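# Tertiary structure, described
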Amino acid sequence: MAEQAPVLSEPLESLDPELAGLISGELERQRATLDLVASESVPPRAVLEAQGSILTAKYADGFPGRREYDTCEWIDRIESLAIERAKALFGAEHVNVQPYSGSNANAGVLHALCQPGDTVLGWDFTQGGHPTQYAADTFAGRFYKGVSYGLRRSDRLVDMDQVEVLARRHKPRVIIAGWSCYQRHVDFEAFRRVADSVGAYLVVDMAHFAGLVAAGLHPSPVGVADACTMTVHKTLSGARGGAILCRSQLASAVDAAVFPGEQGSPLPHVIAAQAVTFLVAGTPEYRERMARVVEGARTMASVLVDASERTGALVVTGGTDVHQLLVDLAPSGRDARSVMARLNEVGISANAMRIAYDAAPDPGASGLRFGATALAGRGGGPAEFQAAGEILADALADGDGLRTGELKERVRALMSSLPLFSYLG
Ligand code: DSN
């Protein structure tokens, strides 16, 4: 019998010190950074363990109880556990936990509900929606006829009148509500009424706010929409993957559309990590953390509203009801990408965002989005969010970079008061 190659049991650090060093570099960057990227979070250790487990080795084409391999008794139990936990958490009739990402979840749902050439009405991605809901340069716009609605110019809230007009004109097969960048609650019932009036399916893309829904801090679209798509790693703060919740009548169409329709074999290690995520998301600790997320975003928005004269950054809609806020830099005359680079210099990460009715030539030049999930995941509460808001306001006002040293020190002090992944040493 040949001996197992030592390479198969060697730890990463000695097998591949180059890669291990790069991962350590990223760990230190995360520890030192005030992470305000609205789609990022702090995954629990147990999620990292499950996602990095031996389940990586297993093939399991199919679904629990109906696989193309007969050695899936443990994987079946793991996937069923993830499904049952997600069903209980969200009150969903059917759950598919196999999509590799939120985009794959959108692809799966559209594949299940539409024929090629059908019309899909989605939320304009230049105004907060996600391209995979309808846009021409994604599968959605290539296989279906994509039409989009957006925000009212007056208050930058979703324009339900426009949704209704477009729905009547285009008779979509599917209407998608849900966003990557929006600060207020969406009236899902209003979308339902429009969908019913034209005989369309309603899908809610809740990739960003699924964690708030799970915590009872956001109206739930589950049961109102025919299907909901989501990621498990944004506010849900867990496994890097996607999922679909849907009515039981759509279960077999959705399952077949995900596998084999849109994807290959499921990722058992990710599904296991999703199971852990849904367990955590049902705990009082998680709800308390999500309450700090929403409160923290409000605090930062309010500090930025008060500072808007000196920063030249307007808080879109004047605040937030969710985990993120958006500022419009147009009044400052500065562009979002250079401001983002300045923030990065002092240790703050955020991202530039397309913004509705931006007059600047470069699409997305004026919007900066800030989220609260990662800071709350590190233990941040009211005092830390107040401090983060003040640092952010001072950094936005410091156009000439005169305060770089001081701002760096303030970020450093804040982040060292909130250790990250300390169990990693
Ligand atoms: N890239 C994600 C976000 O940051 O919102 C959406 O896919």
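Residues numbered from 1 in each chain as written. Predicted model: local features only at pLDDT ≥ 70, side-chain atom pairs only at ≥ 80, totals over all residues. Heavy atoms only, no water.

### Re empty space enclosed by the protein
Condition: Computed over the protein atoms alone on a 1 Å grid, cavities are sets of points where a 1.4 Å probe fits but cannot get out and pockets are open sets with protein on both sides within 12 Å along at least five of seven lines; a residue lines them when it has an atom within 4 Å of a point. Grid points are joined across faces, edges and corners, and a volume is the space filled by probe spheres set on the points. For this scheme, ten residues count as nonpolar: Ala, Val, Leu, Ile, Met, Phe, Trp, Tyr, Cys and Pro. Four count as charged, namely Asp, Glu, Lys and Arg, and the remainder, Gly too, count as polar.
Applying the stated criterion to the full structure yields 1 cavity of 30 Å³ or more. Taken as a whole, the largest cavity spans an internal volume of roughly 70 Å³. In terms of lining residues, the largest cavity is bounded by Gln127, Gly128, Leu151, Arg156, Cys181, Tyr182, Gln183, Val316, Leu326, Arg354, Ile355 and Ala356. Considered class by class, the residues forming the lining of the largest cavity number 7 nonpolar, 3 polar and 2 charged.

### Description of the pattern of salt bridges
Quick reminder of the rule: Each reported salt bridge corresponds to a side-chain nitrogen of Lys or Arg within 4 Å of a carboxyl oxygen of Asp or Glu. Helix and strand definitions follow DSSP, with helices as H or I runs of at least four residues and strands as E runs of at least two, each counted in order from the N terminus. Only protein chains enter the area calculation, which uses a 1.4 Å probe; residues under 20% of their type maximum are buried, those over 50% are exposed, and those in between are partly exposed.
Scanning the model with the defined rule gives 26 salt bridges in all. Residues Glu79 and Arg67 are paired through a salt bridge, measuring 2.8 Å at the closest nitrogen-oxygen approach. Taken as a pair, Glu79 in helix H4 (residues 73-90) and Arg67 in strand E3 (residues 66-67) lie far apart in primary sequence, 12 residues in all. Judged by relative accessible area, which is 2%, Glu79 ranks as buried. On the basis of relative accessibility, which here comes to 15%, the residue Arg67 falls in the buried class. Of the charged contacts, one joins Arg152 and Asp155 as a salt bridge, the two residues approaching to 2.7 Å between their closest N and O atoms. Look at Asp155 and you get partly exposed, because its relative accessible area is 28%. One network of salt bridges, with partners in common, ties together Arg310, Asp394, Arg403, Glu406 and Arg410.

### A short note on the site of the ligand
Selection rule: Throughout, the term near means that a residue has one or more heavy atoms lying within 4 Å of the molecule or strand in question. Under this definition, polar contacts are N or O atom pairs within 3.5 Å; protein pairs additionally need one hydrogen-donor-capable and one acceptor-capable atom, and for neighbouring residues in sequence, both atoms have to be side-chain atoms. The Shrake-Rupley method, run with a 1.4 Å probe, gives the accessible areas here. Residue values count only the displayed protein chains as cover.
Taken together, Ser39, His130, Ser180, His208, Lys234 and Arg369 make up all the residues around the ligand. His130 has a polar side-chain atom sitting 2.9 Å from an oxygen atom of the ligand. Separating an oxygen atom of the ligand from a side-chain N or O atom of Arg369 is a distance of 2.7 Å. The protein chains hide 63% of the 240 Å² of surface that the ligand would expose on its own. Here the residues of the shell around the ligand are counted per class, giving no nonpolar, 4 polar and 2 charged.

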